[in-house]
Amino acid sequence: MQKKIIALAVAAAFSAPVFAADVSVYGIVDAAIANTSKTNFKSQMNVISGGLSTSRLGFKATEGLDNGWTAIALLEYKLDVADINTTVGSARQKMLAVAGDFGTVAAGFLQTTGYDFSGKYQPFAGSAVDPYSSANPTSFITTGSRAPRAVAYISPNMSGVTFAFNHTFDAGGTGALVANGSTTGNVTSANLMSVNFDQGPLSVGGVYVGTANDNTGYAKVTEFGLGATYDLGAAKVMGTYLNTKASGGNADKMINFSVVAPVAPGTVVFGYAKNTKDSTVAADNTSAFTVAFLKGMSKTVTAYGAIEKVSTEAGAGANTDTTVLAVGLRKKF
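The present account deals with the structure reproduced in this document. All figures in this text were calculated on a predicted structure; none of them were measured in a lab. (Residues numbered from 1 in each chain as written. Predicted model: local features only at pLDDT ≥ 70, side-chain atom pairs only at ≥ 80, totals over all residues. Heavy atoms only, no water.)

Attention now moves to the overall build of the chain. Scanning the chain from terminus to terminus reveals 4 helices and 19 strands. Expressed as a percentage of its 333 residues, the buried residues of the chain come to 39%. If you take every contact in the chain between residues at least 6 apart in sequence, the share linking residues at least 24 apart comes to 51%. Approximately 16600 Å² of the chain is accessible, and the part contributed by carbon and sulfur atoms is 61%. (Helix = DSSP H or I, 4+ residues; strand = E, 2+ residues; numbered from the N terminus. Buried < 20%, exposed > 50% of the residue type's maximum accessible area, 1.4 Å probe, protein only. Contact = heavy atoms within 4.5 Å. Areas by Shrake-Rupley, 256 points an atom, 1.4 Å probe, with all protein chains shown as cover.)

In C-alpha cells form, the structure reads like this:
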C-alpha cells in the first residue's frame, strides 16, 4: 500500500489521468565493501554499488483494456548507491507494452531476450563478481542485453514452450546494442530470437543474434547460445555455451557452468566461465570463477560474501590474475 501511495504522489506531479492505472514502485539497493588485487599492482579497498545485483529504481503502471488486454508502461533506472551523485542514473529499460492471450508486444528501450537468457542460466548475471562478465565476453547476447529503438514480441506459454523476437532499428550512430548504458558497437540494426522450454525441474533454451553492419567498417556478427538448468533438489546446476563470429573472422567461444546449493544457514553459489578468443591473435583467453555465500536476513534482505578470481593469458606462458573479495548487503523493495 505504501509503495502505491508514493507512486501515485509521483504520478500526480505529471498528469492526473495516470490515476486510472495501477502504479507501483520497485527497486534494489545493493552495496558492498570490495578488495581488488591484481598481478603487479597494489590491492585496493573500495565501496561499490551492485555487488550482488545492480541497484535500480523502477516505476510500473498497468491498466486493463477491452478484450482482456493489458497496457503496461515501465521505466527503470540504474542507481549507484556508492557515488556522491545521488540522481537517477542510466536507463535499464523504458517501454510501453500491450499484453493479452496473444502474448506481449513492446516498444522502446528494451531489455532483450539476450538479457533474459543471461539471467535465467547464469546466477551471477548483473553482479560485480560475475565470472562470465569478467571473462571479457565479445558476446552480443550478454553485452548487448539492452537495445534502443526496439520492438519485441514474447509469446504466451504453450505447454512449457515460449519464444521471443526482438528487432532494433537504426540507432542514429549511437550503436544498436548497449550494455549498462554504453554502446558496444556501431551497427545499424540487429535481430534477436529465442526459444525456451520449461518442464518441471528442467529448463533449456536457445538464443540467436544477427547484426547488420553500417558504412564505417563494422562487420556483421552472428551468434548463438544454448543454456540449460536442472533442479536436483539438493542443488540446481546450470550452464551456457555461446559462439560469436564476425563475418570473415574466427569464432569466439564461451562456456559457463554454475551450481546453486542451499546449505544451512544459507546458499552457496559457484560459477565458472572460460572465453576462448579465436578472433584475435593475441594471447587473451580468459577464465574466471566465483564462490559466494548468501544469507537471507528477511524476505527482502540478503547478506553476502564472495570471492572471484580472473586469469588472463599474457603471452609467453604468463597470466595476469585479478582477485576480488566482496562483502555486502542487498535490499529489495
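Summed over all chains, the structure comprises 3 salt bridges. Between Glu-76 and Arg-92 there is a salt bridge, and its shortest N-O distance comes to 2.5 Å. Taken together, the positions of Glu-76 in strand β4 (residues 70–78) and Arg-92 in strand β5 (residues 91–100) put the pair 16 residues apart, joining distant regions of the chain. For Glu-76, a relative accessible area of 4% translates into the label buried. (Salt bridge = Lys/Arg side-chain N within 4 Å of Asp/Glu carboxyl O.)

On to the nonpolar core. What tends to happen in soluble globular proteins is that the nonpolar side chains get buried as a cluster. If you look at the biggest cluster of nonpolar residues, it comprises 12 residues: Ala-32, Ala-34, Leu-52, Phe-124, Val-129, Val-269, Ala-292, Leu-294, Tyr-304, Ala-306, Val-324 and Ala-326. For this core, the secondary structure elements donating two or more residues are β1 (22–38), β17 (286–296), β18 (301–315) and β19 (318–332). Among residues more than four places away in sequence, those in contact with Ala-34 are Gln-44, Met-45, Asn-46, Ile-48, Val-324, Leu-325 and Ala-326. (Core = buried A, V, L, I, M, F, W, Y, C linked by side-chain atoms within 4.5 Å.)

Here the focus is the side chain of Glu-76. Polar side-chain contacts of Glu-76 include one of 2.5 Å to the side chain of Arg-92. Those residues in contact with Glu-76, other than ones at most four positions away along the chain, are Tyr-26, Arg-56, Leu-57, Gly-58, Ala-91, Arg-92, Gln-93 and Gln-111. (Polar contact = N/O pair within 3.5 Å; in protein donor to acceptor, adjacent residues only side chain to side chain.)

This part takes up the packing of aromatic side chains. Here the structure, examined in full by the defined rule, presents 4 aromatic pairs. Relative to Tyr-241, the ring of Phe-224 lies with its centre 6.1 Å away and its plane at 50°, an arrangement referred to as tilted. Linking Phe-224 in strand β13 (residues 221–231) with Tyr-241 in strand β14 (residues 236–246), this pair joins segments that are 17 residues apart in sequence. Relative accessible area serves as the criterion here: at 27%, Tyr-241 is assigned to the partly exposed category. (Phe/Tyr/Trp six-rings, centres within 6.5 Å; stacked < 30°, edge-to-face > 60°.)

Taken together, the side chains of Phe-257, Phe-270, Phe-289, Val-291, Ile-307 and Leu-325 define a hydrophobic patch exposed on the protein surface, amounting to about 460 Å² of accessible area. Tracing the sequence through the fold places Phe-257 in strand β15 (residues 251–263). (Patch = residues over 30% accessible without salt bridge, like charges linked within 9 Å, V, L, I, M, F, W, Y side chains within 5 Å.)

For the rest of this paragraph, the subject is the environment of Phe-165. Looking at where Phe-165 falls in the secondary structure, it is placed in strand β8 (residues 161–168). The class for Phe-165 is partly exposed, based on a relative accessible area of 33%. Spatially, the C-alpha atoms of Phe-165 and Val-151 are 8.3 Å apart, while their sequence positions differ by 14 residues. In contact with Phe-165, other than residues within four places in its own chain, are Val-151, Ala-152, Tyr-153, Asn-191, Leu-192 and Met-193.

With that settled, the discussion passes to unusual backbone geometry. Backbone torsion omega between Ala-264 and Pro-265 reads 10°, so that peptide bond is classified as cis. Relative to the helices and strands, Pro-265 resides in the loop between β15 and β16 (266–277). Backbone geometry at Arg-149 places phi at a positive 50°, although glycine is not the residue there. Relative to the assigned elements, Arg-149 resides in strand β7 (residues 146–154). For Arg-149, a relative accessible area of 48% puts it in the partly exposed group.

What follows concerns the environment of Asp-130. By the element assignment, Asp-130 lies in the loop between α2 (113–121) and α3 (131–134). Judged by its relative accessible area of 4%, Asp-130 is buried. Separated by 158 residues in the primary sequence, Asp-130 and Ala-288 place their C-alpha atoms 8.6 Å from one another. With sequence-adjacent residues up to four places away left out, Asp-130 is seen in contact with Phe-124, Ala-125 and Glu-308. Looking at Asp-130, its side chain comes within polar contact range of the main-chain nitrogen of Tyr-132, at 3.1 Å. At 2.8 Å, the side chain of Asp-130 forms a polar contact with the side chain of Ser-133.

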